[in-house]
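Structural overview for review
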Amino acid sequence: MSRQRTRILAALGLGTIAACGIWIMGLLWFVGTIPTEPRDDPRVTDAVVVLTGGSGRLEAGLDQLGQNRAKKLFVSGVYRGVEVAKLLDLSTQAPERVECCIVLGYSADNTTGNARETADWMAKEGYQSLRLVTAAYHMPRSLLEFRHAMPTIEIIAHPVFSERVKQSEWWRWPGTTSLIISEYGKYLLVLLRNTVTEPPNRFAAEPLSLAE
């Protein structure tokens, strides 16, 4: 093997090791952004927004609405044909208390769609703040999507925790490890996309602080 070829292979090897190190450091940083405990922020927002796809999310959203912490509950990403009454059957809320204040969104089939669907609804309602309800592991990417779609809207994160996702010592649980690595990859793709695309101009209000 020639000396030049050896140097090239050595450089490639060092580059690969460096890239892997950066990726692992990024993964650990990402894990640090995932909420680890429930939050009960008492502030009132214009809307509570629930992203479908996981257990406990709808119940958490209904609970916030029942505590009068928002004017309306918007459920994004609902399957076609599902009505409010059917959703209420999944919860312990009394229909007469909350049914009038629930709006269902049917156009979203992923997190990007959730953000766009919610942004359109928020603009139509003239709302300027929301409480975002989704799984804890899904919250970093959701906030990234929602902040890009609604840069002037105040967002309060309301994470929901599933017993199936073992966040404590996550590396010891293959299912949780796979889930977090997948979320990290998706987060990086969204971050890259957001750096090259301008946010939509749906809102004319001045920017507000974004709270987690």
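Residues numbered from 1 in each chain as written. Predicted model: local features only at pLDDT ≥ 70, side-chain atom pairs only at ≥ 80, totals over all residues. Heavy atoms only, no water.

**Some thoughts on the packing of helix 5 (residues 111-125) against helix 6 (residues 139-149)**
Where helix 5 meets helix 6, the closest approach of the two axes is 9 Å, and the angle between their N-to-C directions is 40°. Classified by the angle their axes make, helix 5 and helix 6 are oblique. When you trace helix 5 past helix 6, the crossing you get is right-handed. Together, Thr 111, Thr 112, Asn 114, Ala 115, Thr 118 and Ala 119 of helix 5 and Arg 141, Ser 142, Glu 145, Phe 146 and Ala 149 of helix 6 make up the contact between the two elements. Classifying every residue of the contact of helix 5 with helix 6 gives four nonpolar, five polar and two charged. (Axes fitted to C-alpha atoms, helices over the stretch in contact; angles between N-to-C directions. Helix = DSSP H or I, 4+ residues; strand = E, 2+ residues; numbered from the N terminus. Parallel < 35°, antiparallel > 145°, perpendicular 65-115°, else oblique. Left-handed = near helix turned anticlockwise from the far one by under 90°. Contact = heavy atoms within 4.5 Å. Nonpolar A, V, L, I, M, F, W, Y, C, P; charged D, E, K, R; others polar.)

**Structural notes on unusual backbone geometry**
One non-glycine residue with positive phi stands out, namely Asn 68, at about 60°. Relative to the assigned elements, Asn 68 resides in the loop between helix 2 (57-66) and strand 2 (72-76). With relative accessibility at 61%, the residue Asn 68 sits in the exposed group. One non-glycine residue, Glu 169, adopts positive backbone phi at about 55°. The residue Glu 169 is located in the loop between strand 5 (154-160) and helix 7 (174-196) in this model. (Buried < 20%, exposed > 50% of the residue type's maximum accessible area, 1.4 Å probe, protein only.)

**With respect to the confidence of the model for the protein**
Confidence in the prediction for the protein averages 86 pLDDT; 85% of positions are at 70 or higher. The weakest mean pLDDT in the protein belongs to helix 4 (residues 95-98) at 61; the strongest belongs to strand 4 (residues 129-135) at 97. Note on residues 204-212: pLDDT is under 50 here. Beyond four places in sequence and across chains, it has 22 contacts. (pLDDT = per-residue confidence, 0-100.)

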